[in-house]
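# Fold and contact review
Read off the chains here:
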Amino acid sequence: MDHSRVDAYLHRIGAERPAAPTAGALRALHRAHLWSVPFENLSVHRGEEVVLEPAALVAKVVDRRRGGFCYELNGAFAELLDALGFTVTLLQARVVGKDGRPGIPYDHMALRVRTADGADRLADVGFGAFCAEPLVYDERGEQQDPGGVFRIEDAAHGDLLVLQDGSPQYLLDQRPRELRDFEAGSWYHRTSPASHFTQSLVCSRPTDTGRITLSGHTLTTTDAGQRTQRTLDTDAAVLAAYDQHFGIVLDTLPPEPESAGG
């Protein structure tokens, strides 16, 4: 990205251009991205093509003011970080299901980020309700975060297991990957009846006091640990909620899968 494109991205997430690619700068950018760019799978249900190319990912976030799922969010964030001088490596992960078993290869994309002041971090702005700040990559003890207590454990074959509040989240392969490597995983999640992205409709982001999520006609707000749900009675109310809470302007609603709320 050129200088003006970086400025546009920083404006989109409400962040200042850092003086240097430091650990502190990464932490600030990570939080700003999460708070500004929602985790959402609307493209899956609106029939929109998901193009895993840097320019297309950045355009969706910056120009169309949309969010996305892991490949899009972490892919776009990687482009921003690289342009700002961070050293970024794309990593593939297999998400651990409720049965305790890892999912498909390239199930998820995460980022390993090295900074100018020697920090090594696991950054992830594309996993929904997860860490608010990058995790220390080589730390094997507990890491306190607004999103919970995290731990990175060594696993078999050189992999890493990432846990949140004691629950395994994903199995991380440490070998460097390229964006095009994730095409099959992205296609699976957009098309397979077994994918939770085809089974549900979600748009979600953290707030200063909790989280706000829109799933179909159901608006869920968590505020200081208190969770409330409200059913939006009309399509117009849902469209207004997308705009008000996520900055997403739609002409029509995406069709809801049978398992979505609403």
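For the structure, see preceding data.
Since the structure is predicted, the reported quantities are computational estimates derived from the model, not experimental observations. Counting from 1, residues in each chain are numbered in the order their sequence is written. Reporting in this predicted model follows two pLDDT cut-offs: at least 70 for local features of residues, and 80 or more for side-chain atom pairs to be given and counted; totals over whole chains, interfaces and linings ignore these cut-offs and use all residues. The side-chain figures draw on all heavy atoms in the structure; neither hydrogens nor water molecules are used.

### A few points about the nonpolar core
Formally: Within this scheme, the nonpolar core is defined by two criteria: the residues are buried Ala, Val, Leu, Ile, Met, Phe, Trp, Tyr or Cys, and they are joined through side-chain atoms within 4.5 Å. Residue exposure (1.4 Å probe, protein chains only): buried if accessible area is under 20% of the type maximum, exposed if over 50%, otherwise partly exposed. Under the DSSP-based scheme used, a helix requires at least four consecutive residues in state H or I and a strand at least two consecutive residues in state E, with every element numbered from the N terminus. Note on contacts: a residue pair is in contact if any heavy atoms of the two residues lie within 4.5 Å.
Ranked by internal contacts, the top residues of the largest apolar core, which has 40 residues, are Tyr-9, Leu-29, Phe-77 and Leu-111. Of all elements in the fold, only α1 (3-13), α2 (23-36), α4 (54-62), α5 (70-83) and β3 (108-114) reach the threshold of two or more residues within this core. Apart from residues lying up to four places away in sequence, Phe-77 is in contact with Tyr-9, Leu-26, Leu-29, His-30, His-33, Leu-111 and Val-125.

### Focus: the side chain of Ser-43
The line we're drawing: Definition of a polar contact: a pair of N or O atoms within 3.5 Å, with one able to donate and the other able to accept a hydrogen when the atoms are protein atoms, and with sequence-neighbouring residues admitted only if both atoms are side-chain atoms.
As for its position among the elements, Ser-43 is in helix α3 (residues 42-46). At 3.2 Å, the side chain of Ser-43 forms a polar contact with the side chain of Arg-66. Excluding residues within four positions of it along the chain, Ser-43 makes contact with Glu-48, Val-50, Lys-60 and Arg-66.

### Regarding the packing of α1 against α5
Packed helices, taken two at a time, are described by the angle their axes make and the gap between the axes. Selection rule: Between the N-to-C directions of two axes lies an angle of 0 to 180 degrees, each axis being a line fitted to C-alpha atoms and, for a helix, fitted only over the stretch in contact. Throughout, the term roughly parallel applies to angles under 35 degrees, roughly antiparallel to angles over 145, roughly perpendicular to angles from 65 to 115, and oblique to all others. By convention the crossing between two helices is left-handed if the near helix lies anticlockwise of the far one by an angle smaller than a right angle, and right-handed if it lies clockwise. Just so you know the grouping, Ala, Val, Leu, Ile, Met, Phe, Trp, Tyr, Cys and Pro go in nonpolar, Asp, Glu, Lys and Arg go in charged, and all remaining residues, Gly too, go in polar.
Between α1 and α5, the shortest axis-to-axis distance is 10 Å and the interhelical angle comes to 125°. As the angle between them shows, α1 and α5 are arranged oblique. In this structure, α1 meets α5 at a crossing whose hand is left-handed. Across from Val-6, Tyr-9, Leu-10 and Ile-13 in α1, the residues of α5 making contact are Ala-76, Phe-77, Leu-80 and Ala-83. Residues that form the contact of α1 with α5 fall into these classes: eight nonpolar, no polar and no charged.

### Focus on unusual backbone geometry
A positive phi is found at Arg-65, a non-glycine position, where the angle reads about 55°. Here Arg-65 shows up in the loop between α4 and α5. For Arg-65, a relative accessible area of 38% gives the class partly exposed. We note that Tyr-106 has phi near 60°; this positive angle belongs to a residue other than glycine.

### Regarding the sheet that holds strand β2 (residues 87-95)
Rules: Two strands pair if DSSP finds at least two bridges between them.
Across the sheet, eight strands lie side by side as β5-β4-β3-β2-β9-β8-β7-β6; this open sheet has antiparallel pairing. With partners counted over all chains shown, the strands left at the sheet margins are β5 (135-136) and β6 (143-145), one partner each. Sheet analysis places β3 next to strand β4 (residues 120-123), joined by four bridges and oriented antiparallel. Residue pairing for β4: Leu-111 is matched across the bridge by Ala-123. The sheet strands contacting α5 are β2, β3 and β4, and the helix crosses β3 at an angle near 20°.

### Thoughts on the sheet that holds strand β13 (residues 226-231)
With antiparallel pairing, the five strands of this open sheet are ordered in space as β1-β10-β11-β12-β13. Each having just a single partner strand, β1 (39-40) and β13 make up the two edges of the open sheet. Looking at chain direction, strand β12 (residues 218-223) and β13 are connected through six bridges and run antiparallel. Bridge pairing in β13 links Thr-218 to Thr-231. Each of β10 (203-206), β11 (210-215) and β12 touches helix α8 (residues 235-246); the most contacted strand, β11, lies at about 150° to it.

### Some details on the packing of aromatic side chains
Condition: Planes of paired rings set the category: under 30 degrees apart is stacked, over 60 is edge-to-face and the rest tilted, where pairs are Phe, Tyr or Trp rings (Trp by its six-membered ring) whose centres lie within 6.5 Å. Criterion for a charge above a ring: Arg CZ or Lys NZ at most 6 Å from the ring centre, at most 35 degrees from the ring normal.
Under the defined criterion, the tally for this structure stands at nine aromatic pairs. Measuring from ring centre to ring centre gives 5.0 Å for Phe-69 and Phe-197, while their planes differ by 80°; the resulting arrangement is edge-to-face. One end of the pair, Phe-69, is in the loop between α4 and α5; the other, Phe-197, is in helix α7 (residues 196-199), with 128 residues separating them in the sequence. Accessibility classification places Phe-69 together with Phe-197 in one group, the buried group. Relative to Phe-182, the ring of Tyr-106 lies with its centre 5.4 Å away and its plane at 85°, an arrangement referred to as edge-to-face. Of this pair, Tyr-106 sits in the loop between β2 and β3 while Phe-182 is found in the loop between β9 (167-172) and α6 (183-191), placing the two residues 76 residues apart along the sequence. The exposure class of Tyr-106 is buried, given its relative accessible area of 19%. Each residue in the set Phe-39, Phe-69, Tyr-71, Tyr-106, Phe-182 and Phe-197 is aromatic and connected to the rest through ring pairs, giving one cluster. One residue, Arg-31, lies across the ring of Trp-35, its end atom 4.7 Å from the ring centre. Lying across the ring of Tyr-137, Arg-112 places its NZ or CZ 3.9 Å from the centre.

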